[in-house]
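If you want the building blocks of each chain, they are given just below.
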Amino acid sequence: MGAPRIASTAVAFTPHRHTQDEVTRELTDVAPPGFERFTQTSGVESRNLAVPLPRYAEMTGFTEANAAYVEVATDLGTQAIRAALEAARLEPSDVDAVISVSSTGVAVPTIDARLAGRVGFRPDIKRIPLFGLGCVAGAAGTARMHDYLRGYPGDVAILLSVELCSLTLQRDDSSIPALIGVCLFGDGAAAVVGTGADRAPAYPTAPSGPSILATRSRLFPDTIDVMGWNVSSSGFGLVMSRDVPRMADDHLGAEVDGFLADYGLTTADIATWVCHPGGPKVIDSIRRAIGLPPAALAHSADSMREHGNISSASVLDVLRRTVLEPPSPGELGVMLAMGPGFSFELLLLSW
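Residues numbered from 1 in each chain as written. Predicted model: local features only at pLDDT ≥ 70, side-chain atom pairs only at ≥ 80, totals over all residues. Heavy atoms only, no water.

- As recorded by an unreviewed UniProt entry, the protein carries the name Type III polyketide synthase and is attributed to Mycolicibacterium arenosum.
- Taken from UniProt, the Subunit (unreviewed entry) comment for the protein reads in full: "Homodimer."
- Per UniProt, the protein has the following entry under Pathway (unreviewed entry): "Lipid metabolism; fatty acid biosynthesis." (UniProt positions renumbered as here; feature names shortened; annotations may be inferred.)

A look at the packing of aromatic side chains
Reasoning step 1: Following the criterion strictly, the structure yields six aromatic pairs and no others.
Reasoning step 2: With 4.8 Å between their ring centres and 25° between their planes, tyrosine 148 and tyrosine 152 make a pair best called stacked.
Reasoning step 3: Taken together, a centroid distance of 5.4 Å and an interplanar angle of 40° make the contact between tryptophan 229 and phenylalanine 236 tilted.
Reasoning step 4: Members of the aromatic cluster, joined through ring pairs, are Phe62, Trp229 and Phe236.
Reasoning step 5: Sitting over the ring of tyrosine 152, lysine 126 keeps its end group 5.2 Å from the ring centre. (Phe/Tyr/Trp six-rings, centres within 6.5 Å; stacked < 30°, edge-to-face > 60°. Lys NZ or Arg CZ within 6 Å of the ring centre and 35° of its normal.)

Observations concerning the UniProt feature "domain: Chalcone/stilbene synthase C-terminal" (unreviewed entry) in the protein
Reasoning step 1: Here the UniProt feature "domain: Chalcone/stilbene synthase C-terminal" (unreviewed entry) sits at residues 217-349.
Reasoning step 2: End-to-end, the C-alpha atoms of residues 217-349 are 15 Å apart, and along that stretch the chain is 40% helix and 27% strand. (Helix = DSSP H or I, 4+ residues; strand = E, 2+ residues; numbered from the N terminus.)

Topic: the nonpolar core
Reasoning step 1: In this structure, Leu27, Ile81, Phe121, Ile158, Leu164, Leu167 and Val193 are the most contacted members of the largest nonpolar core, which totals 49 residues.
Reasoning step 2: For this core, the elements supplying multiple residues, two or more each, are strand 1 (5-12), helix 1 (20-27), helix 2 (62-88), helix 3 (111-119), strand 6 (156-164), helix 5 (176-184) and strand 7 (187-195).
Reasoning step 3: At 12 residues, helix 2 tops the list of elements feeding residues into this core. (Core = buried A, V, L, I, M, F, W, Y, C linked by side-chain atoms within 4.5 Å. Buried < 20%, exposed > 50% of the residue type's maximum accessible area, 1.4 Å probe, protein only.)

What to know about the pattern of salt bridges
Reasoning step 1: Considering all chains together, one arrives at 16 salt bridges under this definition.
Reasoning step 2: Aspartate 75 is the salt-bridge partner of arginine 118, the closest N and O atoms lying 2.6 Å from each other. Within this pair, whereas arginine 118 is found in helix 3, its partner aspartate 75 is found in helix 2, the two being separated by 43 residues in sequence.
Reasoning step 3: On the accessibility criterion, aspartate 75 (30% relative accessible area) is partly exposed.
Reasoning step 4: The salt bridge involving aspartate 249 is made with arginine 288; its shortest N-O contact spans 3.1 Å. Note that aspartate 249 is positioned in helix 6 (residues 243-261) and arginine 288 in helix 7 (residues 280-290), a separation of 39 residues in sequence.
Reasoning step 5: Since its relative accessible area comes to 35%, aspartate 249 is described here as partly exposed.
Reasoning step 6: Several salt bridges converge on common partners, so that one network encompasses Glu306, Asp317, Arg320 and Arg321. (Salt bridge = Lys/Arg side-chain N within 4 Å of Asp/Glu carboxyl O.)

Focus on the packing of helix 4 (residues 137-151) against helix 9 (residues 312-324)
Reasoning step 1: One way to put it is that helix 4 packs onto helix 9 with a least axis distance of 6 Å and a crossing angle of 70°. In terms of orientation, helix 4 and helix 9 fall into the roughly perpendicular class. Seen from helix 4, the contacting residues are Ala137, Gly138, Ala139 and Thr142; seen from helix 9, they are Ser312, Val315 and Leu316.
Reasoning step 2: Looking at the contact of helix 4 with helix 9, its residues break down into four nonpolar, three polar and no charged. (Axes fitted to C-alpha atoms, helices over the stretch in contact; angles between N-to-C directions. Parallel < 35°, antiparallel > 145°, perpendicular 65-115°, else oblique. Contact = heavy atoms within 4.5 Å. Nonpolar A, V, L, I, M, F, W, Y, C, P; charged D, E, K, R; others polar.)

In structure tokens form, the structure reads like this:
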């Protein structure tokens, strides 16, 4: 009783869509030398990029890249929010709070403020921008939306994730994380509309996603060097330790078991898993840690293959795919992601 519900989900991408081979050919003279050897094992077949592919060779540095981030993020965020509201049969004026997450560019005023007028949000909308959570932010933002709607059960809230990972490309960085990042990450936006328990559906047969029953956050001490950005005058340099899959191997199973046990559940009670696809090795680590068959993370693998790792937006794309092919009414799901900190975010869902 009293659980907030996901009313709709939506994603938005630029028209600049390319296969992995096309990206490899075009970026040979721009990306760090040697990146090509990672393309075949990335699990990515195609992805959308923030700007036309030839423009990456022309960019002069962080200032130009960040200006592109602000422009494209505002456009994509607007598209994603409009699509999510239309799917929920709600108007922009119905939204009481917007939570925005991103870690691939800097904007002050934030992206949610820049698009508020375009979308048509009320002037008294509550804005909750979150920066720096990285890949975990899609799940963490959904959890914080849950927290808000628990306190304001008559409200409507929307979560926006915009990540333009390609704009962090630094041609002088030939580190292994940078090489992997060029092959692995993509660009896009996702939006999730949530409604409080006291908020009546927009119409009696309105389609919707699951209720959010509970959440858990987990931050591990002394792990800040596992994942994140090194921010310098040249922009965002990717930090991605080999320990990322090991964090799932060593800790995720116990975290999931403990989370479920608090509600008298085990993994056998979970019908569907909404997992951030950090990469092929991360997906394999999640399967091993929780004891899942390959088919359990099919949506995660499909999202990775079709769009790359879109950082915080990826798990929301997996959520969208799950909502379109939901489990049976009354069945349970778990949404989870990992990110800088090092951190986990877990949500218990009910259809």
